[in-house]
Amino acid sequence: MEQKLPLPPFNFETATQKVQLAEDAWNSQDPERVSLAYTKDTEWRNRSEFINGREEVIKFLSAKWKKELNYRLKKELWAFTDNRIAVRFEYEYCDANGQWFRAYGNENWEFDENGLMQKRFASINDLAIQENERRVK
């Protein structure tokens, strides 16, 4: 049985730990590593894209990090209940032309009993910035 600690039901400490583990995994920019935190049949809404299953997660993240260079993410716990966590985040990246962006957003996560994320709904907005305006390093 696959498990990803900590397991629900979450308290402040375990929800905070789950958020930090997600931040660390995403900052690795390793789609395979990131995908292991999700159920095999995970459901995502990322901006206007709908992604289903680990294989689509890997494909999506691989394409993302080919376009979003020097990616750096910071997540913050916003709220939690038994098996759900809400986070706010910002990340920065540059494109192939050297233009920097900061993306702001919120995510709603739902976990199964084994601590794997079964649903991830993300709302994200991008803002063009200058390199000297970067905050996430």
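Residues numbered from 1 in each chain as written. Predicted model: local features only at pLDDT ≥ 70, side-chain atom pairs only at ≥ 80, totals over all residues. Heavy atoms only, no water.

Below, the discussion takes up the side chain of Asn46. Following the sequence through the fold, Asn46 ends up in strand S1 (residues 38–46). Assessed through its relative accessible area of 4%, Asn46 is described here as buried. Here Arg120 takes part through its side chain, which lies 2.8 Å from a polar atom of the side chain of Asn46. (Helix = DSSP H or I, 4+ residues; strand = E, 2+ residues; numbered from the N terminus. Buried < 20%, exposed > 50% of the residue type's maximum accessible area, 1.4 Å probe, protein only. Polar contact = N/O pair within 3.5 Å; in protein donor to acceptor, adjacent residues only side chain to side chain.)

The subject of this paragraph is the pattern of salt bridges. In this structure the tally under the stated criterion is twelve salt bridges. A salt bridge links Glu90 to Arg88, with the shortest nitrogen-to-oxygen separation between them at 3.4 Å. For the salt bridge of Arg102 with Glu92, the shortest nitrogen-to-oxygen distance reads 2.8 Å. Within this pair, whereas Arg102 is found in strand S5 (residues 100–111), its partner Glu92 is found in strand S4 (residues 84–94), the two being separated by ten residues in sequence. (Salt bridge = Lys/Arg side-chain N within 4 Å of Asp/Glu carboxyl O.)

Counting 29 residues, the largest nonpolar core has Trp26, Val34, Trp44, Leu61, Ile85, Tyr91 and Trp109 as its most contacted members. Mapped onto this core, the elements with two or more residues apiece are helix H1 (12–28), S1, helix H3 (54–67), strand S3 (69–80), S4, S5 and strand S6 (117–129). With near-sequence residues (within four places) excluded, Trp109 lies in contact with Lys18, Val19, Ala22, Lys75, Asn83, Arg84, Ile85, Val87, Met117, Lys119 and Arg120. (Core = buried A, V, L, I, M, F, W, Y, C linked by side-chain atoms within 4.5 Å. Contact = heavy atoms within 4.5 Å.)

With omega at -5 degrees, the peptide bond leading from Leu5 into Pro6 counts as cis. Tracing the backbone through its elements, the reader meets Pro6 in the segment before H1. A cis amide bond, omega 5 degrees, links Pro8 with the succeeding residue Pro9. Locating Pro9 in the fold gives a position in the segment before H1. Look at Gln29: it is not a glycine, yet its phi comes out positive at around 55 degrees. Despite not being glycine, Arg47 shows a phi value in the positive range, around 60 degrees.

Looking now at the pairing of S4. A regular strand places its side chains on the two faces of the sheet in alternate fashion. Most of S4 is tucked away: nine of the eleven residues are buried. Bridge analysis of S3 against S4 gives nine bridges, and the strand direction is antiparallel. Residue pairing for S4: Lys75 is matched across the bridge by Phe89. In this structure, the hairpin formed by S3 and S4 is closed by a connection of three residues. Between the end of S4 and the start of S5, which pair antiparallel, lie five residues, with Gly98 showing a positive phi angle near 90 degrees. (Pairing = 2+ DSSP bridges.)

Moving on: the environment of Leu61. Tracing the chain through its elements places Leu61 in helix H3. Remark: the alpha-carbon pair of Leu61 and Ser35, spanning 26 residues in sequence, is separated by 9.0 Å. If near-sequence neighbours (up to four positions away) are discounted, Leu61 is found in contact with Trp26, Pro31, Val34 and Trp44.

An α-helical turn contains 3.6 residues, so any two residues separated by three or four positions project in the same direction. Here H1 contains 17 residues, and its C-alpha end-to-end distance of 25 Å stays within 8% of the 24 Å for a straight helix at 1.5 Å per residue. Among all positions of H1, only Thr14, Ala15, Lys18, Val19, Ala22, Glu23, Ala25, Trp26 and Asn27 are buried. Two to three positions downstream of the cap, the backbone nitrogen of Glu13 sits 3.0 Å from a side-chain oxygen, assigning the N-cap of H1 to Asn11. Just beyond H1, the residue with positive phi is Gln29, at close to 55 degrees. (Expected span 1.5 Å × (residues − 1).)

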